[in-house]
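# What the coordinates show
The lines below spell out each chain.
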Amino acid sequence: SIRRQRQMCIRDRTTLLRIIAGELAPTAGQIHLGAGVRLGYVTQEQEILDLHSTPYDTIRAVAEDMSQTDVRHFLHFFLFAGDDVFVKIGDLSFGERARLMLALLVAQGCNFLLLDEPINHLDIPSREHFERALDQFPGTILVVAHDRAFIRRIATGIWEMREGRMRVFADLEETQKH
């Protein structure tokens with residue numbers, strides 16, 4: 001849960017994610033995550049991946065108890081099949097890297113994901129693959145996105161930030177009325 005103790009004025013959505021992730025301190029109030037929350041944060045820049053590693057090695061490094069078969073099976077859920085698991089991350093497309101970041105956070109046990117514009121730089125097939133990978137995630141996802149089609153497909157609730165204030169809407173169409 002996130003509790004607000006005083007009204008917060010946040011200039012942009014990325015700042016909100018960075019405050020929730022603990023990378024920035026709020027200028028007013030406090031952010032508290034529940035005791036069982038394991039946070040995973042994916043920035044727009046995809047900077048958490050080692051470009052010289054492989055998807056297999058990336059997952060194996062955080063899930064040492066998984067066998068080779070288990071790692072390959074796990075990566076298959078994120079649409080890495082066959083020898084794709086041994087391709088250098090630097091040679092992967094942005095869409096493949098986005099799916100790998102999601103897989104990495106799941107393997108680390110994250111149950112609350114913060115995603116900052118996760119589909120920027122992705123072509124349509126890569127977006128579809130990423131959305132399928134998100135569908136497999138069992139936890140909570142807070143996404144900053146501008147793509148209305150993406151929002152329609154994945155959102156179960158909409159918060160809009162405008163002029164430093166947050167508003168809650170029932171659906172995307174309601175945001176256009178305000």
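Scroll up for the structure.
Attention here is on the structure that accompanies the text. (Residues numbered from 1 in each chain as written. Predicted model: local features only at pLDDT ≥ 70, side-chain atom pairs only at ≥ 80, totals over all residues. Heavy atoms only, no water.)

Applying the stated criterion to the full structure yields three salt bridges. With a closest N to O distance of 3.2 Å, Arg18 and Glu23 form a salt bridge. Among the residues examined, Arg18 registers a relative accessible area of 33% and is labelled partly exposed. Accessibility expressed as a relative area gives 46% for Glu23, which makes it partly exposed. The partner of Glu131 in a salt bridge is Arg153, with the nearest N and O atoms 2.6 Å apart. With Glu131 in helix H5 (residues 124-136) and Arg153 in helix H6 (residues 148-154), this residue pair connects regions lying 22 residues apart in the sequence. Here Glu131 falls in the buried class, since its relative accessible area comes to 9%. (Salt bridge = Lys/Arg side-chain N within 4 Å of Asp/Glu carboxyl O. Buried < 20%, exposed > 50% of the residue type's maximum accessible area, 1.4 Å probe, protein only. Helix = DSSP H or I, 4+ residues; strand = E, 2+ residues; numbered from the N terminus.)

Among the surface-exposed residues, Trp159, Met166 and Val168 lie close enough to one another that they form a single nonpolar patch of about 320 Å² accessible area. Turning to its location among the elements, Trp159 is positioned in strand E4 (residues 158-162). (Patch = residues over 30% accessible without salt bridge, like charges linked within 9 Å, V, L, I, M, F, W, Y side chains within 5 Å. Areas by Shrake-Rupley, 256 points an atom, 1.4 Å probe, with all protein chains shown as cover.)

It is worth spelling out the packing of helix H4 (residues 94-107) against H5 at this point. Following both chains from N to C, one finds H4 and H5 inclined at 10 degrees, their axes separated by 9 Å at the closest point. What the angle tells us is that H4 and H5 run roughly parallel. Of the residues in H5, those in contact with Gly95, Ala98, Arg99 and Leu102 of H4 are Ser126, His129, Phe130, Ala133 and Leu134. When the residues that make up the contact of H4 with H5 are grouped by side-chain class, the tally is five nonpolar, three polar and one charged. (Axes fitted to C-alpha atoms, helices over the stretch in contact; angles between N-to-C directions. Parallel < 35°, antiparallel > 145°, perpendicular 65-115°, else oblique. Contact = heavy atoms within 4.5 Å. Nonpolar A, V, L, I, M, F, W, Y, C, P; charged D, E, K, R; others polar.)

It is worth spelling out the sheet that holds strand E1 (residues 39-42) at this point. Overall, parallel pairing links the three strands, which are arranged E1-E2-E3 in an open sheet. Pairing within the sheet leaves two strands with one partner each, and these edge strands are E1 and strand E3 (140-144). Each adjacent strand pair in this sheet contributes to an overall mean axis angle of 15 degrees, direction not counted. One ladder, built from five bridges, connects strand E2 (residues 112-116) with E3; its direction is parallel. (Pairing = 2+ DSSP bridges.)

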